[in-house]
Amino acid sequence: MQPIRLLSVGEQTVEHLRKGIQEGRWSGRLPGVVRLAAECDVSTGVVRGALRTLEKEGVLTAGGLGRCRMIVPPDQGGTPLRSLRVGILSHDSNYDDHLLREILRDLEAAGHVVSFAKKSQSQLHQKLPSIIRIIKEMEVDAWIVSAGSRELLEWFAAQSIPTMAVFGRTDGLALARTGPDKAAAFQDAARQLIALGHRRIVLITLAGRRKPVPGNVERLFLEEMRSHGIETGLYNFPDWDETPEGLNTLLENLFRATPPTAL
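Residues numbered from 1 in each chain as written. Predicted model: local features only at pLDDT ≥ 70, side-chain atom pairs only at ≥ 80, totals over all residues. Heavy atoms only, no water.

Description of the overall build of the protein
Now for step 1: A tally of regular secondary structure across the protein gives ten helices and seven strands.
Now for step 2: For a compact globule of 263 residues, the expected C-alpha radius of gyration is about 18 Å, and the protein comes in at 26 Å, more than 25% above that figure.
Now for step 3: Along the longest, intermediate and shortest principal axes, the C-alpha atoms of the protein span 90 × 45 × 30 Å.
Now for step 4: Per-residue burial for the protein yields a buried fraction of 38% across its 263 residues.
Now for step 5: Of the contacts formed within the protein by residues at least 6 apart in sequence, a portion of 54% connects residues at least 24 apart. (Helix = DSSP H or I, 4+ residues; strand = E, 2+ residues; numbered from the N terminus. Rg over C-alpha atoms; globule rule 2.2 N^0.38 Å. Buried < 20%, exposed > 50% of the residue type's maximum accessible area, 1.4 Å probe, protein only. Contact = heavy atoms within 4.5 Å.)

Let's talk about unusual backbone geometry
Now for step 1: Of note in the backbone geometry, Asp41 takes a positive phi value of approximately 60° without being a glycine.
Now for step 2: Within the secondary structure, Asp41 sits in the loop between α2 (33–40) and α3 (44–56).
Now for step 3: Classification of Asp41 as exposed rests on a relative accessible area of 70%.
Now for step 4: Phi is positive for Ala147, close to 50°, though the residue is something other than glycine.
Now for step 5: Given a relative accessible area of 21%, Ala147 falls into the partly exposed group.

As for the packing of α2 against α3
Now for step 1: With their axes 9 Å apart at the nearest point, α2 and α3 run at an angle of 105° to one another. With respect to each other, α2 and α3 are oriented roughly perpendicular. Here Val33, Val34, Leu36 and Ala37 of α2 lie close against α3, whose contacting residues are Thr44, Val47, Arg48 and Leu51.
Now for step 2: Its residues placed into classes, the contact of α2 with α3 shows six nonpolar, one polar and one charged. (Axes fitted to C-alpha atoms, helices over the stretch in contact; angles between N-to-C directions. Parallel < 35°, antiparallel > 145°, perpendicular 65-115°, else oblique. Nonpolar A, V, L, I, M, F, W, Y, C, P; charged D, E, K, R; others polar.)

As for helix α7 (residues 183–195)
One turn of an α-helix holds 3.6 residues; hence residues three or four places apart share an orientation.
Now for step 1: If you check α7, its first and last C-alpha atoms are 18 Å apart, about what 13 residues at 1.5 Å a residue would give, namely 18 Å.
Now for step 2: Three or more residues of α7 are buried, namely Ala183, Ala190 and Ile194. Burial along α7 is one-sided: seen end-on, the buried residues are contained in an arc of 35°. Those residues of α7 that are exposed and aimed more than 90 degrees away from the buried face are Ala184, Ala185 and Ala195. (Expected span 1.5 Å × (residues − 1). Arc of directions from axis to C-beta.)

Comments concerning the environment of Ala262
Now for step 1: Take Ala262: it is sitting in the segment after α10 (244–256).
Now for step 2: For the pair Ala262 and Val202, spaced 60 residues apart in the sequence, the C-alpha separation amounts to 6.4 Å.
Now for step 3: Non-local contacts of Ala262, meaning those with residues more than four positions away in its chain, are made with Leu193, His198, Arg200, Ile201 and Val202.

Examining the packing of aromatic side chains
Now for step 1: Applying the stated criterion to the full structure yields two aromatic pairs.
Now for step 2: Between Trp155 and Phe156, the aromatic rings sit 5.1 Å apart at their centres with planes inclined by 80°, giving edge-to-face as the arrangement. The same class applies to Trp155 as to Phe156, namely buried.
Now for step 3: One aromatic cluster in this structure is built from Trp143, Trp155 and Phe156. (Phe/Tyr/Trp six-rings, centres within 6.5 Å; stacked < 30°, edge-to-face > 60°.)

With respect to the layout of surface pockets
Now for step 1: Taken as a whole, the largest pocket encloses approximately 1,100 Å³ of empty space.
Now for step 2: In terms of lining residues, the largest pocket is bounded by 39 residues, among which His91, Ala147, Leu206, Gly208 and Arg209 are the most central.
Now for step 3: At the level of secondary structure, the elements contributing two or more residues to the lining of the largest pocket comprise α6 (150–157), α7, α8 (207–210) and α9 (216–227).
Now for step 4: When the residues that make up the lining of the largest pocket are grouped by side-chain class, the tally is 13 nonpolar, 13 polar and 13 charged. (1 Å grid on protein atoms, 1.4 Å probe; cavity = no way out; pocket = protein on both sides within 12 Å on 5 of 7 lines; lining within 4 Å. Points joined across faces, edges and corners; volume = space filled by probe spheres on them.)

This is the structure:
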């Protein structure tokens, strides 16, 4: 029987950190020294010694002065993943800020450098030349585009830079995409409203969903109404100026003569 060997505080700290990494508790960058010292209830000197040990083992790699250490993925043969520069192009900072901030935090936790374009698509009035000019000013390795118009996403699909669309009209485009499939929900909503007796149903949506042709969600909405014998036109699917004043004008026009019974 081998004698029982008591581990020193430093060795216990190394084991704790190694186990946490192996179990996937952390990924990308390891938390800072102060935070790890508080978690392990040891001094920052003990943590720094443990981190140096894990660096020598190839489990960690130095992140540079003032930066947390990177975790070396076990399937990369001891080579850490390259830190990417990721640009985020938001649709409207007030609309999708929360979601994109979460994406930013996750990417930074994985060791990547993330930055927002200095203006959103809405701030640039959806003008493609202006958006492209902003994009080309940023040196990034990949883009995340939130709720991009069809025209904008077609431009990204034609570029060599990797792009992920969050929402947006990507049907048929060679782009990675994430977001809920709302088509069935909109179709069912139209069906339910019609069953309740509604005939004057108006769908107010953004220009990127209307132009150059209606998106899949909007098309199914209109098709559902037509399948019940309801003629559709600009009344049901209006064009409008996407400003607070434009919305007020739209609603005034809609309710002036034949008010909608459902929006």
